[in-house]
Each structure stands twice: as structure tokens, then as C-alpha cells.
Amino acid sequence: MDTDKMRRGIIPGIMAGYVFLAYVGAGAGPAMVMEGGELSNAMPNGMIDMIGGMIGADAFVGFILHIVFSAVIGGLYTGLFADRVDLGNPLLNIAVGGLIYGLIWWIIGGNIIMPAVAGGDILQLSIGPSFYGHIIFGHVLAFLVVLRDRAFGMNDE
């Protein structure tokens, strides 16, 4: 595992984490669903409340944890995953690699780790804001890595 490559994914991971929270709703967020003919917040307690609540902490701790997780996941993307997705075109790498990486973390984070820590049922695999949020995270992360690599001439290393 190349730690220099991993470091290159930290900032894109953090930025993609912010986009994820903006989509799924950090608090009273924009991710809405129809329930009984009425529009309501898909995650009424908010993602950061849920993350903080897993360890008995408040939303601020949940926010910090989510950003740390996003940085680590971004580092793992550039250190372990990005080199394995080379379809010959950066846009295909973003589309396919981002989709696959987002789905991996939706399964690992949203359907295994989070329910296991919170005492819920694992592998429920329900399609909702978390599913779409993780896919958006993967795409944003892949896009930012490709953009940064192109901007700083890092794509040949």
C-alpha cells in the first residue's frame, strides 16, 4: 500500500463527504421521500445525529467522525482502488469506478458497520438516501481525484 497515493485521496474524500451530507441531510436535510402521500425528510434525525448516536455522542461528534471516515475512505480510494479501474478514459473511470466504489461503501458502511454498531439488522440493502448518497460520494470522489491529478500533472505517477 502506497501511503503517498493514499494521502492524495484525503482532501477529495473530505470534499465528497460534504457533498454526501448535503444530499442525505446532515440535520434536516434535502433528501425527501413520499410517505402516505406526504413529503417528509427521509432521515428525520439526520445522518450526523445517527453517526454520533452510534457511540452515544451528539451531532457535532457525528459530523467530525463522518469527515474523518470520508478522509480515510478517500485515501483508500487513491491508495488501493483507483489504479484498478483503468478503462482508458477518465470519464469512464469516474462513472464506473465511482459507482462501484460508492456501492462498496454503501454495503460496508451503511449496511454492515453502521447497523452492527447501532444494534440494527445488517445487510438490509434498502434503496433510499443512503444508497444514492454513497453513489454520489463515489462519483464526486472519483471526479475530484481525476480533476486534481490532471490539474497537478499527477496522472503519470
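Everything numeric here is computed off the predicted structure, so don't read it as measured data.

### Regarding the packing of aromatic side chains
A ring pair, where both rings are aromatic, is described by two values, the distance of the centres and the angle of the planes. Tallied over the full model, the rule gives 7 aromatic pairs. When the ring of Phe81 is compared with that of Tyr101, the centres are 4.9 Å apart and the planes differ by 40 degrees; the resulting orientation is tilted. Remark: Tyr101 occurs in helix 5 (residues 90-118) and Phe81 occurs in helix 4 (residues 59-81); sequence separation between them is 20 residues. As far as burial versus exposure is concerned, Phe81 and Tyr101 are alike and both buried. Ring pairing ties together the aromatic residues Tyr77, Phe81, Tyr101 and Trp105, which thus form one cluster.

### Quick look at the environment of Phe63
With respect to the element layout, Phe63 can be found in helix 4. Linking Phe63 and Gly52, residues 11 residues apart in sequence, is a C-alpha distance of 7.4 Å. Aside from chain neighbours lying at most four places away, what touches Phe63 is Tyr18, Leu21 and Ile48.

### Focus: helix 3 (residues 47-54)
Taken together, the buried positions of helix 3 are occupied by Met47, Ile48, Ile51, Gly52 and Met54. Summarising the axial view, the buried residues of helix 3 lie within an arc of 155 degrees, below the 170-degree limit, and thus occupy one face. In this structure, the buried residues of helix 3 make contact with helix 2 (10-24), helix 4 and helix 5. Looking one or two residues beyond helix 3, the residue adopting positive phi is Gly56, at roughly 75 degrees.

### Some details on the nonpolar core
Of all hydrophobic cores here, the largest spans 21 residues; its most connected members are Phe20, Met47, Tyr77, Tyr101, Phe137 and Leu141. For this core, the secondary structure elements donating two or more residues are helix 2, helix 3, helix 4, helix 5 and helix 6 (129-151). Setting aside residues no more than four positions away along its own chain, Tyr101 makes contact with Ile73, Leu76, Tyr77, Phe81 and Leu141.

### Topic: unusual backbone geometry
Residue Leu123 is not a glycine yet carries a positive backbone phi of 55 degrees. Within the secondary structure, Leu123 is located in the loop between helix 5 and helix 6. Taking relative accessible area as the criterion, Leu123 reaches 44% and is therefore assigned partly exposed. Non-glycine residue Leu125 carries a positive phi angle of around 50 degrees.

### Description of the side chain of Ser70
Turning to its location among the elements, Ser70 is positioned in helix 4. Sequence-distant contacts of Ser70, that is, excluding residues within four places in its chain, are made with Gly13, Ile14, Gly17 and Phe137.

### Examining the packing of helix 5 against helix 6
When two helices pack together, their arrangement is given by the angle between the helix axes and the distance between those axes. Where helix 5 contacts helix 6, the two axes come as close as 7 Å, and the packing angle between them is 140 degrees. When the axis of helix 5 is compared with that of helix 6, the two are oblique. The two elements helix 5 and helix 6 meet at a crossing, and its hand is right-handed. Where helix 5 approaches helix 6, its residues Pro90, Ile94, Ala95, Gly98, Leu99, Tyr101, Gly102, Leu103, Trp105 and Trp106 are matched on the opposing element by Ser130, Phe131, His134, Ile135, Gly138, His139, Leu141, Ala142, Phe143, Val146 and Arg150. The class makeup of the residues in the contact of helix 5 with helix 6 is 14 nonpolar, 6 polar and 1 charged.

About the thresholds
Residues numbered from 1 in each chain as written. Predicted model: local features only at pLDDT ≥ 70, side-chain atom pairs only at ≥ 80, totals over all residues. Heavy atoms only, no water. Phe/Tyr/Trp six-rings, centres within 6.5 Å; stacked < 30°, edge-to-face > 60°. Helix = DSSP H or I, 4+ residues; strand = E, 2+ residues; numbered from the N terminus. Buried < 20%, exposed > 50% of the residue type's maximum accessible area, 1.4 Å probe, protein only. Contact = heavy atoms within 4.5 Å. Arc of directions from axis to C-beta. Core = buried A, V, L, I, M, F, W, Y, C linked by side-chain atoms within 4.5 Å. Axes fitted to C-alpha atoms, helices over the stretch in contact; angles between N-to-C directions. Parallel < 35°, antiparallel > 145°, perpendicular 65-115°, else oblique. Left-handed = near helix turned anticlockwise from the far one by under 90°. Nonpolar A, V, L, I, M, F, W, Y, C, P; charged D, E, K, R; others polar.

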